[in-house]
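What follows is the residue order along each chain.
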Amino acid sequence: MEVGAAVRLIAAPAYLKTADPMPMLRPPDLVDAEEVGQVVGLRALEQLAVRFRRGTFLLERSQLELVAN
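Residues numbered from 1 in each chain as written. Predicted model: local features only at pLDDT ≥ 70, side-chain atom pairs only at ≥ 80, totals over all residues. Heavy atoms only, no water.

K.L.:
Before we go on, may I ask you to explain the sheet that holds strand β5 (residues 47-52) in this structure?
P.N.:
Strand pairing in a sheet relies on backbone hydrogen bonds. The paired strands run either parallel or antiparallel. The strand order across the open sheet formed by seven strands is β3-β2-β6-β5-β4-β1-β7, and the pairing between neighbours is antiparallel. Each edge of the open sheet is held by one strand with a lone partner, namely β3 (25-26) and β7 (64-66). In this sheet, strand β6 (residues 55-60) lies alongside strand β2 (residues 16-18) in antiparallel orientation, the contact comprising two bridges. Considered in β6, the bridge of T18 is made with F57. (Pairing = 2+ DSSP bridges. Helix = DSSP H or I, 4+ residues; strand = E, 2+ residues; numbered from the N terminus.)

Written out as structure tokens, the structure reads:
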């Protein structure tokens, strides 16, 4: 995956971690099951910063699937 790619969550995680300089844990219901997000950053250890409608969150690459445009 690369910056700018459209992605969707495969399954709802137990929590969401914000991509802020001081990350916080947020409830998983901030991202809907069918919501498409955009990769805005690549982080260490297979983590991606993904912007959704209600915020930007750090997610594992294995939690995401690419969406065909």
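K.L.:
So what exactly am I meant to see when it comes to the nonpolar core here?
P.N.:
The nonpolar side chains of a soluble globular protein tend to be buried with one another. Core analysis: the largest hydrophobic core is formed by 13 residues, its most contacted members being V50, F52, L59 and L64. Breaking this core down by element, the ones donating at least two residues are β1 (6-9), β5 and β6. Considering every element that reaches this core, the biggest residue donor is β5, with three residues. Excluding its chain neighbours within four sequence positions, the residues that come into contact with F52 are L9, V31, E35, V36, G37, F57 and L59. (Core = buried A, V, L, I, M, F, W, Y, C linked by side-chain atoms within 4.5 Å. Buried < 20%, exposed > 50% of the residue type's maximum accessible area, 1.4 Å probe, protein only. Contact = heavy atoms within 4.5 Å.)

K.L.:
Just checking my understanding: could you explain the environment of E2 for this structure?
P.N.:
Within the secondary structure layout, E2 lies in the segment before β1. Each C-alpha atom, one on E2 and one on Q38, is 9.7 Å from the other, the two residues being 36 residues apart in sequence.

K.L.:
Would you explain the pattern of salt bridges in this entry?
P.N.:
Applying the stated criterion across every chain, the model contains five salt bridges. Across the pair E35 and R53 runs a salt bridge, and its minimum N-O distance is 4.0 Å. Residue E35 is found in the loop between β3 and β4 (36-43), and its partner R53 is found in the loop between β5 and β6; the two are separated by 18 residues along the sequence. For E35, a relative accessible area of 10% translates into the label buried. Through salt bridges with shared partners, a single ionic network connects R8, E34 and E65. (Salt bridge = Lys/Arg side-chain N within 4 Å of Asp/Glu carboxyl O.)

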